[in-house]
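# Commentary on secondary and tertiary structure
The residues making up each chain are set out below.
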Amino acid sequence: MELKKMTVEGFVQETSSSSPAPGGGSIAALNAASAAALIEMVAHLTLGKEKYAAVEKEMKEVAEKAASLKNQFLALIDEDSNAFNKIMAAFRMPKGSDEEKAVRSKAIQEATKGAALVPFKVGETANELFALADVVITRGNTNAVTDGAVAAMNTRAAVRGAFLNVKINLGSIKDQTFVDDLNGKMAAIEKEVDGKEQALLGKVNL
């Protein structure tokens, strides 16, 4: 059964089991999906209100973009766990001969790259949510402003959590060009992620 189709309780219980997947990467994707869902909700709560007629078009666009991202993150919940399972499958490959060892080693490296790229996609894509959260926090229905704030907090957690899972996989990858490329891209995003969250929370006047 796909993780994204489980009940909330079922998913949480599966996460807490002795199985290593779903793990932090899937949770990061879930955080991102939750953030996108909250942004979409605030946009929907703004639409059709006379008070917010001036931002009707903008909120429709935000709702559509958030919905699209939400579905991407839901798919990435399973992609992350599947990527981890591919590493485990590679480690179980035969290693009785030098040829088998070489094939197994290559498979492990390729699977580990895949396991790094999935959470990288989660973090890189989640970073896009800050701009959407900004719109609903500053111009959306004020009665739901805290939902926008929670979206911003979940977004930061998604980016940070996803990138931690990238980094632990990079430690096992021998392709230094691949490692340096992802580290550089993550560093550029991480440099701003905490500030983006704090700036948005600072706009919530309660």
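Small disclaimer: the values here were computed from a predicted structure and weren't measured.

Take the environment of A111 next. Tracing the sequence through the fold places A111 in helix α4 (residues 98–126). Assessed through its relative accessible area of 13%, A111 is described here as buried. Placed 26 residues apart in sequence, A111 and N85 show a C-alpha to C-alpha distance of 8.9 Å. Not counting chain neighbours up to four residues away, the residues in contact with A111 comprise A83, K86 and I87.

The UniProt entry lists residues 52–79 under the feature "coiled-coil region" (unreviewed entry), expressed in the numbering used here. Summarising residues 52–79: 86% helix, 0% strand, and an end-to-end C-alpha distance of 38 Å.

A few words on the layout of surface pockets. Size it by volume and the largest pocket reaches roughly 290 Å³. In terms of lining residues, the largest pocket is bounded by 19 residues, among which F84, I87, N165, I168 and N169 are the most central. Elements with a minimum of two residues in the lining of the largest pocket: α2 (24–46), α3 (56–91), α4 and α6 (145–170). When residues in the lining of the largest pocket are grouped by element, the largest group, 6 residues, is from α3. Tallied by class, the residues present in the lining of the largest pocket amount to 10 nonpolar, 8 polar and 1 charged. Contributing to the lining of the second largest pocket are L3, K4, M6, T7, V8, F11, V12, L30, L74 and I77. Elements supplying a minimum of two residues to the lining of the second largest pocket: α1 (8–16) and α3. The leading source of residues in the lining of the second largest pocket is α1, at 3 residues.

Counting 59 residues, the largest nonpolar core has I39, F73, L129, V166 and L170 as the members making the most contacts within it. At the level of elements, α2, α3, α4, α5 (129–139), α6 and α7 (176–201) are the ones that each hand at least two residues to this core. Beyond its immediate stretch of four places on either side in the chain, L129 contacts A32, A35, A36, I39, L69, F73 and T155.

Right, let's get into the pattern of salt bridges. Taken as a whole and assessed by the stated rule, the structure comprises 13 salt bridges. Ionic pairing is found between R160 and D194, a salt bridge with its closest N-O pair at 2.7 Å. Of this pair, R160 sits in helix α6 while D194 is found in helix α7, placing the two residues 34 residues apart along the sequence. Assessed through its relative accessible area of 24%, R160 is described here as partly exposed. By sharing partners, the salt bridges in this structure join R160, K167, E190 and D194 into a single network.

A word on the packing of α2 against α6. Where α2 meets α6, the axes come as close as 8 Å, and the angle between the chain directions of the two elements is 155°. What the angle tells us is that α2 and α6 run roughly antiparallel. The interaxial crossing formed by α2 with α6 has left-handed handedness. Where α2 abuts α6, its residues G24, G25, A28, N31, A32, S34, A35, L38, I39, M41 and V42 lie against D147, G148, V150, A151, N154, T155, A157, A158, G161, A162 and N165. Across the contact of α2 with α6, the residue classes break down as 12 nonpolar, 9 polar and 1 charged.

Turning our eyes to something else, we now look at the UniProt feature "domain: Cyclodeaminase/cyclohydrolase" (unreviewed entry) in the protein chain. Here, the residues flagged by UniProt with the feature "domain: Cyclodeaminase/cyclohydrolase" (unreviewed entry) are residues 7–186. Its end C-alpha atoms 32 Å apart, residues 7–186 is made of 81% helix and 0% strand.

One can find G48 in the loop between α2 and α3. Relative accessible area serves as the criterion here: at 64%, G48 is assigned to the exposed category. Separated by 44 residues in sequence, G48 and K4 place their C-alpha atoms 31 Å apart.

Criteria and cut-off values
- Residues numbered from 1 in each chain as written.
- Predicted model: local features only at pLDDT ≥ 70, side-chain atom pairs only at ≥ 80, totals over all residues.
- Heavy atoms only, no water.
- Helix = DSSP H or I, 4+ residues; strand = E, 2+ residues; numbered from the N terminus.
- Buried < 20%, exposed > 50% of the residue type's maximum accessible area, 1.4 Å probe, protein only.
- Contact = heavy atoms within 4.5 Å.
- UniProt positions renumbered as here; feature names shortened; annotations may be inferred.
- 1 Å grid on protein atoms, 1.4 Å probe; cavity = no way out; pocket = protein on both sides within 12 Å on 5 of 7 lines; lining within 4 Å.
- Points joined across faces, edges and corners; volume = space filled by probe spheres on them.
- Nonpolar A, V, L, I, M, F, W, Y, C, P; charged D, E, K, R; others polar.
- Core = buried A, V, L, I, M, F, W, Y, C linked by side-chain atoms within 4.5 Å.
- Salt bridge = Lys/Arg side-chain N within 4 Å of Asp/Glu carboxyl O.
- Axes fitted to C-alpha atoms, helices over the stretch in contact; angles between N-to-C directions.
- Parallel < 35°, antiparallel > 145°, perpendicular 65-115°, else oblique.
- Left-handed = near helix turned anticlockwise from the far one by under 90°.

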